[in-house]
Amino acid sequence: MMNHEFYILRCLELAKNGIGTTRPNPSVGAVIVHNNKIIGEGFTSPYGGPHAEVNAINAVQNQELLKEATIYVTLEPCSHHGKTPPCADLIIEKGIPNIIIGCVDTNSLVAGKGIERLKKAGRNVIVGVCQKDCIEHHRRFFTVQNKKRPYIILKWAETKDGFIAPLKKDEQKPVWISNQYSQQLVHKWRSEEHAILVGTNTVIADNPSLTVRNWKGNNPIRIVIDKNLRIPSEVTVFDGNVKTIIVTEEKKEENQHVIYEQINFSFQVAEQICEVLHKHQIQSVIIEGGAKTLQTFIDANLWDEARVFIGDVIFGKGVKHPIFNAKLSSEEKVDNDTLRIYRND
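Read on for a plain summary of the structure. What you are looking at is a predicted structure, and each value in this text was computed from that prediction instead of being measured.

**A short note on the pairing of strand β11 (residues 258-262)**
- Among the five residues of β11, four are classified as buried, and the element is accordingly described as predominantly covered.
- Examined bridge by bridge, strand β10 (residues 244-248) and β11 share five bridges and lie parallel to one another. Within the sheet, the bridge partner assigned to Thr248 lies in β11 and is Gln262.

Written out as structure tokens, the structure reads:
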């Protein structure tokens, strides 16, 4: 008897390999099984390349076995022409009789049409195996589809006594609260997300590069809030190495390195920023601060996840951490730091 859960969980492991490279497509995993043996595996290629189902089918050495096989996928196979032909059509063409799907694609271009096409072709289709896990994996994609905004991750480090920065940063720029392992983990996260957002004060105080330096991967798009264009032109975010979007109230012509987006800072700032990010087809964003920027999104209830490091440091006084109420999802140690993850359900 087939262990459907086992194979879908294997699909999810494969799908993790595509995180950060497939946007705006979701990172899907696919496994093909014949007589309880895996004969092909695949995950979504970088955008413009083959989807997971195509890669898994191409990995099968004896294509005749496909006519007696089962294909497992984390997400409903597409039924529309995009950069590549529909995966549902390929599955039908190859004669694969059994299709096990983790969750339905809520994209209006798909939304059950792939499943319908497979069933009309006489295939045995089962939907909803490890559904919760698959929805969790594809949460960025679903947020964009259903909420018309990116998946928003809040991230900060705070001291044991609840401060995220000292009152003055005269001695050191930046002031580290978390340890080197936590800092490397943050760079891994940056490689997985589409964009990173900070406020004016963070850029002026710390001159961050907002790039992936301690991890291998793509740099996120830089989003900087600069209401009155106070940030000096010589800071690193203007170095032209990464696409940078400045959200401002002032009118300024964009150049080859920097895009300027005007919003009205007198109301619903977080909502307007989300509209800007959606306009640029940004699928996910890490908001790294500072306190005012983080609180703006918390107060607007525009966030999905918060990743908070508690460092082994005490300041005594300083800038207090953001105020929010949320359910603690998980807690783990990163050497002498504590990482707490909250979800906004």
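**A short note on the layout of surface pockets**
- What the largest pocket holds in volume is close to 1,200 Å³.
- Along the walls of the largest pocket sit 47 residues, with Thr202, Asp206, Glu288, Gly289 and Gly290 positioned nearest its centre.
- Taken together, the residues of the lining of the largest pocket break down into 23 nonpolar, 14 polar and ten charged.
- Lining the second largest pocket are 31 residues, with Lys16, Ile19, Arg140, Lys188 and Glu192 positioned closest to its centre.
- If you list the elements that add at least two residues to the lining of the second largest pocket, you get α1 (4-15), α5 (131-137), α6 (139-147), α7 (180-192), β13 (305-310), β15 (327-334) and β16 (337-343).
- Looking at the lining of the second largest pocket element by element, the count peaks at five residues for α7.
- Its residues assigned to classes, the lining of the second largest pocket shows eight nonpolar, nine polar and 14 charged.

**Some words on empty space enclosed by the protein**
- Applying the stated rule across the entire model yields one cavity of 30 Å³ or more.
- By volume, the largest cavity amounts to about 130 Å³.
- Here the lining of the largest cavity is composed, by residue class, of three nonpolar, eight polar and three charged.

**Details of the pattern of salt bridges**
- In this structure the tally under the stated criterion is 19 salt bridges.
- Lys16 is the salt-bridge partner of Glu13, the closest N and O atoms lying 3.2 Å from each other.
- Since its relative accessible area comes to 47%, Lys16 is described here as partly exposed.
- The partner of Lys188 in a salt bridge is Glu192, and the shortest N-O contact between them spans 2.6 Å. Taken together, the positions of Lys188 and Glu192, both in helix α7 and four residues apart, correspond to about one turn of that helix.
- Take Lys188: its relative accessible area is 27%, and that puts it in the partly exposed class.
- Several salt bridges converge on common partners, so that one network encompasses Glu136, Arg139, Glu305, Arg307 and Arg343.

What counts, and at which threshold
- Residues numbered from 1 in each chain as written.
- Predicted model: local features only at pLDDT ≥ 70, side-chain atom pairs only at ≥ 80, totals over all residues.
- Heavy atoms only, no water.
- Buried < 20%, exposed > 50% of the residue type's maximum accessible area, 1.4 Å probe, protein only.
- Helix = DSSP H or I, 4+ residues; strand = E, 2+ residues; numbered from the N terminus.
- Pairing = 2+ DSSP bridges.
- 1 Å grid on protein atoms, 1.4 Å probe; cavity = no way out; pocket = protein on both sides within 12 Å on 5 of 7 lines; lining within 4 Å.
- Points joined across faces, edges and corners; volume = space filled by probe spheres on them.
- Nonpolar A, V, L, I, M, F, W, Y, C, P; charged D, E, K, R; others polar.
- Salt bridge = Lys/Arg side-chain N within 4 Å of Asp/Glu carboxyl O.

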